[in-house]
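Coordinate analysis (summary)
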Amino acid sequence: MKRVYTIGVDFGTESGRALLVDITNGQEVATHVTPYPHGVMDEVLIHSGSKLEQDWALQHPGDYLEVIRQSIPSVLAEANVSPDQVIGIGIDFTACTMMPLDAGGTPLCMLDEWRDHPHSWVKLWKHHAAQDEASLINETAKRRGETFLARYGGKLSSEWMLAKSLQILNEAPELYEQAVLFMEAADWVVMQLTGQLARSSCTAGYKANWHKREGYPSRQFLQSLDPRFGDLVEKKLRGPVKPLGSKAGGLTESMAALTGLLPGTAVAVANIDAHAMVPAVSVVTPGKLVLAMGTSTCHLILSDKEVTGEGICGVVEDGIIPGYYGYEAGQSAVGDIFAWYVDEAVPEYVRHKAAEERLGIHEWLEKEAAQYAPGQTGLLAIDWWNGSRSVLMDADLSGVILGLTLQTKPAEIYRTLLEATAFGTRAIIDAFTESGMDVQELYACGGLPQRNRLLMQIYADVTGKEIKVADTVQTAAFGAAMFGAVAAGKEQGGFGSIVEAAEAMARVREETFKPIEANVRIYDRLYKEYKGLHDYLGRGENGVLKRLKALKSGGRQ
Ligand SMILES: Nc1ncnc2c1ncn2[C@@H]1O[C@H](COP(=O)(O)OP(=O)(O)O)[C@@H](O)[C@H]1O
Ligand SMILES: O=C(CO)[C@@H](O)[C@@H](O)COP(=O)(O)O
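Rules used in this analysis
Residues numbered from 1 in each chain as written. Chains lettered and ligands numbered in written order. Predicted model: local features only at pLDDT ≥ 70, side-chain atom pairs only at ≥ 80, totals over all residues. Heavy atoms only, no water. UniProt positions renumbered as here; feature names shortened; annotations may be inferred. Helix = DSSP H or I, 4+ residues; strand = E, 2+ residues; numbered from the N terminus. Rg over C-alpha atoms; globule rule 2.2 N^0.38 Å. Buried < 20%, exposed > 50% of the residue type's maximum accessible area, 1.4 Å probe, protein only. Near = heavy atom within 4 Å. Polar contact = N/O pair within 3.5 Å; in protein donor to acceptor, adjacent residues only side chain to side chain. Axes fitted to C-alpha atoms, helices over the stretch in contact; angles between N-to-C directions. Parallel < 35°, antiparallel > 145°, perpendicular 65-115°, else oblique. Contact = heavy atoms within 4.5 Å. Nonpolar A, V, L, I, M, F, W, Y, C, P; charged D, E, K, R; others polar. Salt bridge = Lys/Arg side-chain N within 4 Å of Asp/Glu carboxyl O. Pairing = 2+ DSSP bridges.

- Naming follows an unreviewed UniProt entry, where the protein appears as Ribulokinase of Paenibacillus ihbetae.
- According to UniProt, the comment filed for the protein under the heading Sequence similarities (unreviewed entry) is "Belongs to the ribulokinase family."
- Quoted straight from UniProt, the Pathway (unreviewed entry) entry for the protein says "Carbohydrate degradation; L-arabinose degradation via L-ribulose; D-xylulose 5-phosphate from L-arabinose (bacterial route): step 2/3."

Next comes the structure, spelled out in structure tokens:
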């Protein structure tokens with residue numbers, strides 16, 4: 001019997017990777033990573049070298065095509081698989097990562113006349129410079145009693161499509177006028193692969209406030225933000241919204257030539273990275289919270305009921321698995337906090353010791369940090385290095401470390417940062433539970449659980465719950481590959497639904513992380529302190545973090 005395969009391509013924050021998977025048993029046959037040549041632009045713009053303002057984060061769309069050009073042929077070659085054995089492709093992306101396009105679908109930043117304008121580039125998910133627009137959107141939606149607001153925890157994020165689009169209108173009306181479409185990078189890549197404009201119900205639902213029955217926010221609402229914003233949906237967000245799991249189209253001749261695949265190969269409607277991981281860890285039913293842990297963490301859970309509440313970044317019907325309401329919450333920085341510490345704040349002697357012991361800096365710090373018992377560092381941190389997505393949805397908050405002394409060691413700080421992110425996750429679990437959701441089990445996936453065992457034990461101890469870990473190295477790409485198999489359909493050797501695909505392909509490791517009772521007790525006490533500080537600094541009782549930010553940006557508050 002001829003073996004058949006699918007390819008999942010995961011577009012992360014720093015790089016993109018392709019994964020070739022055997023459909024019959026879910027075996028990961030070959031993988032290839034392409035770092036983005038231009039990385040994340042958060043200081044200066046390429047070409048002109050002009051300085052970017054605070055909280056900007058841009059990307060180059062050409063880098064996404066580079067991933068396709070390099071990584072797909074590489075996995076085909078490594079696996080020695082012939083193109084006719086690959087029945088489908090699925091992609092997943094960070095989101096909301098959006099860009100303005102001209103009438104031909106070319107990103108404005110790729111045109112000479114616009115390339116020196118920062119607003120012409122891809123705004124990466126962690127571009128946080130649209131907080132003023134997000135605040136206006138939230139106040140206006142609240143005042144008008146817009147029904148969509150409750151589905152997003154009562155607050156839309158500065159990371160999302162409405163805020164980012166409104167920022168373009170406010171700061172670059174001439175560019176806004178010129179843009180024929182605004183598109184999620186996820187959907188743009190699918191358009192490059194298929195030549196078809198197909199927006200994903202997942203990207204539209206979670207990031208552009210689209211609803212299966214109600215559609216996007218109304219013209220009247222958009223107009224009330226700015227009269228020029230009224231036609232955002234008809235003009236710039238136009239295009240069919242297709243359900244997750246469906247086929248967006250077939251691979252074009254030119255993309256077939258570029259990738260080495262056959263023209264017409266089924267391409268799935270795009271997915272968000274974190275959301276693709278849910279079926280990839282075999283979660284297709286309610287009660288199981290999936291932690292997609294990488295640069296940031298997304299928390300995803302299914303339910304058969306629709307509830308609303310603080311901390312829920314979005315609830316979308318059929319948004320993750322058809323037939324269920326999919327819930328998302330998140331922490332805007334997790335791995336990024338650890339990376340900040342390692343890159344910006346670790347003393348030279350740590351680098352020497354790690355090199356002497358032939359360990360990476362993270363690994364050395366993890367080993368040393370594991371020597372401390374919970375509470376023994378005397379430190380406590382709040383994980384807002386990139387603002388708070390859940391539960392406060394406020395990009396203007398910043399990180400805090402409490403309890404430093406002259407004796408504090410780098411490994412103690414590192415441990416404290418790991419703990420802070422675990423407390424942030426516990427606050428999200430509490431918020432879900434308070435909203436009426438039953439969180440029974442935790443499933444961890446993404447890059448972090450594979451890399452840092454101490455982190456996973458801390459999460460088990462802080463949450464008091466056993467954690468199952470994905471048995472895939474590239475969980476998001478694996479999920480995307482599963483959707484590729486569903487888009488190909490049964491006739492091609494694929495699957496009739498994502499649930500069938502999960503039964504055949506997905507798995508978790510046998511080893512789990514179990515809470516250690518003595519640690520749980522101490523972390524319960526520390527979590528109370530975290531929550532107290534979280535509410536004091538985050539809910540307005542003491543606005544010092546915002547005042548510091550205002551001072552930094554030259555404000556006089
Ligand atoms: N051993 C480690 N312990 C903790 N964090 C790590 C370790 N190694 C890498 N990281 C962090 O993991 C993050 C990358 O996660 P990954 O899931 O691979 O990427 P992405 O989120 O972009 O898909 C980076 O922020 C990096 O700092
Ligand atoms: O916000 C979402 C998903 O909703 C993510 O794309 C975003 O947090 C980025 O994820 P990574 O941490 O780069 O994996």
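1. Considerations on the overall build of the protein
- Each helix and strand counted, the protein has 20 helices and 22 strands in total.
- Relative to its length of 557 residues, the protein is compact, with a C-alpha radius of gyration of 23 Å against a globular reference of 24 Å.
- Projecting the C-alpha coordinates of the protein onto the three principal axes gives extents of approximately 65 × 60 × 50 Å.
- Per-residue burial over the protein gives 61% buried out of 557 residues.

2. Some remarks on the site of ligand 2
- Surveying the vicinity of ligand 2 reveals 13 residues, the closest of which are T13, K207, D273, S296 and E328.
- A distance of 2.6 Å separates an oxygen atom of ligand 2 from a polar side-chain atom of T13.
- Contacts to ligand 2 include E328, whose side-chain N or O atom sits 2.5 Å from an oxygen atom.

3. Observations regarding the UniProt feature "domain: Carbohydrate kinase FGGY C-terminal" (unreviewed entry) in the protein
- In the numbering used here, UniProt assigns the "domain: Carbohydrate kinase FGGY C-terminal" (unreviewed entry) feature to residues 290-488.
- Segment residues 290-488 splits into 42% helix and 19% strand. End C-alpha atoms: 26 Å apart.

4. Some words on the packing of helix 12 (residues 348-356) against helix 13 (residues 361-369)
- Where helix 12 contacts helix 13, the axes come no closer than 9 Å and their chain directions differ by 95°. Classified by the interaxial angle, the pair formed by helix 12 and helix 13 is roughly perpendicular. Together, V350, R351, K353 and A354 of helix 12 and I361, W364 and L365 of helix 13 make up the contact between the two elements.
- Classifying every residue of the contact of helix 12 with helix 13 by side-chain character gives 5 nonpolar, no polar and 2 charged.

5. Topic: the pattern of salt bridges
- Enumeration according to the criterion identifies 31 salt bridges in this entry.
- The salt bridge involving R389 is made with E159; its shortest N-O contact spans 2.9 Å. Linking R389 in the loop between strand 18 (380-382) and strand 19 (400-402) with E159 in the loop between helix 2 (131-144) and helix 3 (161-171), this pair joins segments that are 230 residues apart in sequence. Comparing R389 with E159 shows no difference in burial state: the two are buried.
- With a closest N to O distance of 4.0 Å, R509 and E511 form a salt bridge.
- Given the relative accessible area of 23%, R509 is considered partly exposed.

6. Examining the sheet that holds strand 17 (residues 325-331)
- The strand order 16-17-15-14-20-21-22 describes an open sheet built from 7 strands, whose pairing is mixed. Because the sheet does not close on itself, it has two edges, and the strands there are strand 16 (314-317) and strand 22 (508-513). Across this sheet, the average inter-strand angle for adjacent strands is 25°, counted without regard to direction.
- In this sheet, strand 21 (residues 467-470) lies alongside strand 20 (residues 441-445) in parallel orientation, the contact comprising 3 bridges. By the bridge assignment, A444 is partnered in strand 21 with V469.
- Packed onto the sheet, helix 10 (residues 273-280) meets strand 14 (288-293), strand 15 (297-303), strand 17 and strand 20 and runs at close to 50° relative to strand 15.
- Lying over the sheet, helix 14 (residues 410-434) contacts strand 14, strand 15, strand 17 and strand 20, oriented at roughly 150° with respect to strand 17.

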